[in-house]
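# Close look at the chain arrangement
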Amino acid sequence: MSLFWEIEQTKAQILDTERMLDLVGGHPIMSKSFHEKLKFLREKLENFPKDFIEPKIRLLFSGGAVKGSIGIKSKFVSKTISPIQELIKTQTAIVRFGDVGKRGRAKKSNSSDLYLTSLPVGSFGIELTQLESNDLFDEQDVATAIHQVMELISAATSSDEAFEEAIEHTPKRNLNNLKSFLKQIDEENSILKIESGSYGINISEEQIHQGFERVNSTINENEQLIVNGVLRGFLLDSGKFEISTEEGKTITGIISPELSEEQILEYDKEFLNSTCVVHLNFYKTIFISGKEKSSYELLEISKK
């Protein structure tokens, strides 16, 4: 049972109790009992932790993917677990860049692998949990990444504007995983409920279809560039970099999740404010709305 589910159940119980209180009116015994129950439920709701994140995610489905509350297609599970795992893995790397400056170097063996720990019923689904971690920071990184991936999925299935804004802050490689994830759900005509910590989102069958069409219609063009320039620094809180080219142009973009925290710190120590050779991925994204956005991803830095 997730915390989000408990919160939603408590809210529903409060509404039911308020309705019963209206029905009994001023009955001396029954109204007192319902007032006491209402007070208890409101205090319970108030005491739930706010903005609580955890390294665990629950995904609930419907439609052709499931058989009531009895079971879920094994092929569907395998095809949805892989892209959601990759989305979280990539986002965890971005989160860790931001934490380097706050707490120093993290251990090399940080893990963002998730394990299938439960098959929730009601709307049938899956629960994925991080079971291997080095410390509390490791768990917090994965929990934060899960929350951010939930926001990305919500944005993609909400509107063109929300999706375009969300993509601005995520590596373009996540587009393929997001498209694959939504494609499987759309093909089964399923709704999607996602819960993690105190957060939860409900996405209708129509929104899933619109979200998949929105992501699927996005065109990504990319090429690798070799640039001679000067490293101006890393913005670790946002996982970004900045360089100045020999022509005086300023380039900023996202640090590749494939680069380790140790490697970024070495680059900073060796090349900050120095001439170097920068290996970049250049992306041009064309959205279904017709809008275009360009971005860069840092792959490597070497001596000139």
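Keep in mind the model is a prediction, meaning the values are calculated, not measured. (Residues numbered from 1 in each chain as written. Predicted model: local features only at pLDDT ≥ 70, side-chain atom pairs only at ≥ 80, totals over all residues. Heavy atoms only, no water.)

## Considerations on the sheet that holds strand β12 (residues 292–302)
Strands belonging to one sheet form pairs held by backbone hydrogen bonds; the direction of such a pair is parallel or antiparallel. Ordered by their spatial adjacency, 5 strands build a closed barrel running β8-β9-β10-β12-β11, and the pairing between neighbours is mixed. Strand-to-strand twist across the sheet, computed as the mean angle between neighbouring axes with direction ignored, equals 50°. Bridge count for strand β8 (residues 219–235) against strand β11 (residues 275–286) is 12 bridges, and the pairing is antiparallel. Along β11, the bridge assignment pairs V230 with T275. Together, β8, β10 (250–255), β11 and β12 form the strand contacts of helix α8 (residues 261–271), whose direction differs from that of β8 by roughly 50°. (Pairing = 2+ DSSP bridges. Helix = DSSP H or I, 4+ residues; strand = E, 2+ residues; numbered from the N terminus. Axes fitted to C-alpha atoms, helices over the stretch in contact; angles between N-to-C directions. Contact = heavy atoms within 4.5 Å.)

## Some details on the pattern of salt bridges
Tallied over the full model, the rule gives 12 salt bridges. For R58, the salt bridge goes to E195, with nearest N and O atoms at 3.4 Å. Within this pair, whereas R58 is found in strand β1 (residues 56–61), its partner E195 is found in strand β6 (residues 192–196), the two being separated by 137 residues in sequence. An identical accessibility class is assigned to R58 and E195; each is buried. Connected through shared salt-bridge partners, R58, E127 and E195 make up one network. (Salt bridge = Lys/Arg side-chain N within 4 Å of Asp/Glu carboxyl O. Buried < 20%, exposed > 50% of the residue type's maximum accessible area, 1.4 Å probe, protein only.)

## Topic: the packing of aromatic side chains
Going through the model one piece at a time under the given rule, you end up with 4 aromatic pairs. Pairing Y267 with F271 gives two aromatic rings, centres 6.2 Å apart and planes at 50°, and the pair type is tilted. Taken together, the residues Y267 and F271, both in helix α8 and 4 residues apart, mark about one turn of the helix. Here Y267 matches F271 in class, with each residue buried. Ring geometry for F282 and Y296: centres 5.2 Å apart, planes at 50°, overall tilted. A residue pair is termed long-range when its members are at least 10 positions apart, and F282 in strand β11 and Y296 in strand β12 qualify at 14 residues. Like Y296, F282 is buried. (Phe/Tyr/Trp six-rings, centres within 6.5 Å; stacked < 30°, edge-to-face > 60°.)

## Section: the environment of E187
When you line up the elements, E187 lands in helix α6 (residues 173–187). Separated by 22 residues in sequence, E187 and H209 place their C-alpha atoms 8.6 Å apart. A polar side-chain atom of E187 sits 2.7 Å from a polar atom in the side chain of K183. (Polar contact = N/O pair within 3.5 Å; in protein donor to acceptor, adjacent residues only side chain to side chain.)

## Brief notes about the packing of α6 against helix α7 (residues 205–216)
For the pair α6 and α7, the least separation of the axes is 9 Å and the interaxial angle reads 145°. For the crossing formed where α6 meets α7, the hand is left-handed. Contacts from L175, L178, K179, L182, K183, I185 and D186 of α6 reach α7 at I208, H209, G211, F212, V215 and N216. When its residues are assigned to classes, the contact of α6 with α7 shows 7 nonpolar, 3 polar and 3 charged. (Left-handed = near helix turned anticlockwise from the far one by under 90°. Nonpolar A, V, L, I, M, F, W, Y, C, P; charged D, E, K, R; others polar.)

## Let's talk about the pairing of β11
Along β11, 10 of the 12 residues are buried, which leaves the element largely enclosed by surrounding structure. Of the pairings in the sheet, the one linking β11 to β12 comprises 10 bridges and is antiparallel in character. Bridge pairing in β12 links N281 to E297. What sits between the antiparallel neighbours β11 and β12 is a turn of 5 residues, in which G290 has the positive phi angle 100°.

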